[in-house]
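Summary of structural features
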Amino acid sequence: MPTPSMEDYIEQIYLLIESKGYARVSDIAEALSVHPSSVTKMVKKLDKDGYLNYEKYRGLILTAKGKKVGKRLVYRHELLEQFLGIIGVDKENIYDDVEGIEHHLSWNSIDRIGDLVQYFEGDKKREEALKELRDKQSDEVN
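Residues numbered from 1 in each chain as written. Predicted model: local features only at pLDDT ≥ 70, side-chain atom pairs only at ≥ 80, totals over all residues. Heavy atoms only, no water.

An unreviewed UniProt entry lists the protein chain under the name HTH-type transcriptional regulator MntR, with Halolactibacillus miurensis given as the organism.

As structure tokens, then:
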């Protein structure tokens, strides 16, 4: 299993390749706000561990293993954003909250959150009822 730091890199590389068709060390460094030398070091480790193929000055490509992990990491991130939105977390907090929790949840927890998101998205009345309950509880506290 990749470490949380490795996950961040794999996820970002996957997103860059999906959006631009490629991922350069400089693009990854900019996206993750790290130095290019840090990216090069991590890319070499990800290459060694079989997540990508890296050739100095030529670029990198994700292996089948890397693509599978990257896709799952992007799914996890998007799912947690959906979940936090459904439960009423303020939009300006969602991204930072997801970044703070995504590496600390088991895949079993992610799957159960996915079930809950599907439950609420299956009938928008459920999401509205949850919002009304939150509003009512908020009024009672104030």
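**Observations regarding the overall build of the protein chain**
Along the protein chain, the regular secondary structure elements total 7 helices and 2 strands. Reading the protein chain from its N terminus to its C terminus gives the helix and strand order α-α-α-β-β-α-α-α-α. Computed over its C-alpha atoms, the radius of gyration of the protein chain comes to 18 Å, more than 25% above the 14 Å expected for a compact globule of 142 residues. In terms of overall dimensions, the protein chain has a C-alpha envelope of 60 × 25 × 25 Å along the principal axes. (Helix = DSSP H or I, 4+ residues; strand = E, 2+ residues; numbered from the N terminus. Rg over C-alpha atoms; globule rule 2.2 N^0.38 Å.)

**Digging into the UniProt feature "binding site: Mn(2+) 2" (unreviewed entry) in the protein chain**
UniProt's feature table lists "binding site: Mn(2+) 2" (unreviewed entry) at Glu11, His77, Glu99 and Glu102, given in the numbering used throughout. Across 92 residues of sequence, these annotated residues stay compact in space, with a maximum C-alpha separation of 11.9 Å. Note on placement: glutamate 11 falls in helix 1 (residues 4–20). Along the chain, histidine 77 turns up in helix 4 (residues 64–86). When its relative accessible area of 7% is taken as the criterion, histidine 77 is described as buried. Once residues lying within four places of it in the same chain are set aside, the contact partners of histidine 77 are Glu11, Tyr95, Val98, Glu99 and Glu102. Looking at histidine 77, its side chain comes within polar contact range of the side chain of glutamate 81, at 3.0 Å. (UniProt positions renumbered as here; feature names shortened; annotations may be inferred. Buried < 20%, exposed > 50% of the residue type's maximum accessible area, 1.4 Å probe, protein only. Contact = heavy atoms within 4.5 Å. Polar contact = N/O pair within 3.5 Å; in protein donor to acceptor, adjacent residues only side chain to side chain.)

**Some details on the packing of helix 1 against helix 4**
Packing of helix 1 against helix 4 leaves a shortest axis separation of 8 Å and a crossing angle of 95°. Looking at the two axes, helix 1 sits roughly perpendicular to helix 4. The segment helix 1 lies against helix 4, with Glu7, Ile10, Glu11, Tyr14 and Leu15 engaging Gly66, Lys67, Val69, Gly70, Lys71, Leu73, Val74, Arg76 and His77. Looking at the contact of helix 1 with helix 4 residue by residue, the class counts come to 6 nonpolar, 3 polar and 5 charged. (Axes fitted to C-alpha atoms, helices over the stretch in contact; angles between N-to-C directions. Parallel < 35°, antiparallel > 145°, perpendicular 65-115°, else oblique. Nonpolar A, V, L, I, M, F, W, Y, C, P; charged D, E, K, R; others polar.)

**Re the pairing of strand 2 (residues 59–62)**
The side-chain alternation of strand 2 yields one buried face, formed by Leu60 and Leu62, and one unburied face, formed by Gly59 and Ile61. Two strands pair when backbone bridges link them, and strand 1 (residues 52–55) and strand 2 are joined in this way by 4 bridges, in the antiparallel orientation. Paired with leucine 52 across the two strands is leucine 62, which belongs to strand 2. Counting the residues in the hairpin turn of strand 1 and strand 2 gives 3 residues, including tyrosine 57, whose phi is positive at 70°. (Pairing = 2+ DSSP bridges.)

**A few points about the domain arrangement of the protein chain**
Its domain assignment divides the protein chain into domain 1 (4–68) and domain 2 (71–140). For domain 1 versus domain 2, the separation of C-alpha centres amounts to 28 Å. Taken together, the 9 residues of domain 1 in the interface contact 9 residues of domain 2. Across the interface of domain 1 and domain 2, roughly 760 Å² is buried in total on both sides, 54% from carbon and sulfur atoms. Of all residues in domain 1, Glu7, Glu11 and Tyr14 give up the largest surface area on contact with domain 2, accounting jointly for 59% of the area buried on that side. Our count for the contact surface shared by domain 1 and domain 2 stands at 1 salt bridge. A salt bridge links glutamate 7 to arginine 76; its shortest N-O distance comes to 2.9 Å. At the boundary of domain 1 and domain 2, one finds 6 residue pairs in polar contact (both at pLDDT 80 or more). Broken down by secondary-structure element, the contributors of at least two residues to the side of domain 1 that touches domain 2 are helix 1 and helix 4. Sorting elements by how many residues they give to the side of domain 1 that touches domain 2 places helix 1 first, with 7 residues. Classifying every residue of the side of domain 1 that touches domain 2 gives 4 nonpolar, no polar and 5 charged. (Domains from an automatic or database assignment. Buried area = accessible area lost by both parts, 1.4 Å probe. Salt bridge = Lys/Arg side-chain N within 4 Å of Asp/Glu carboxyl O.)

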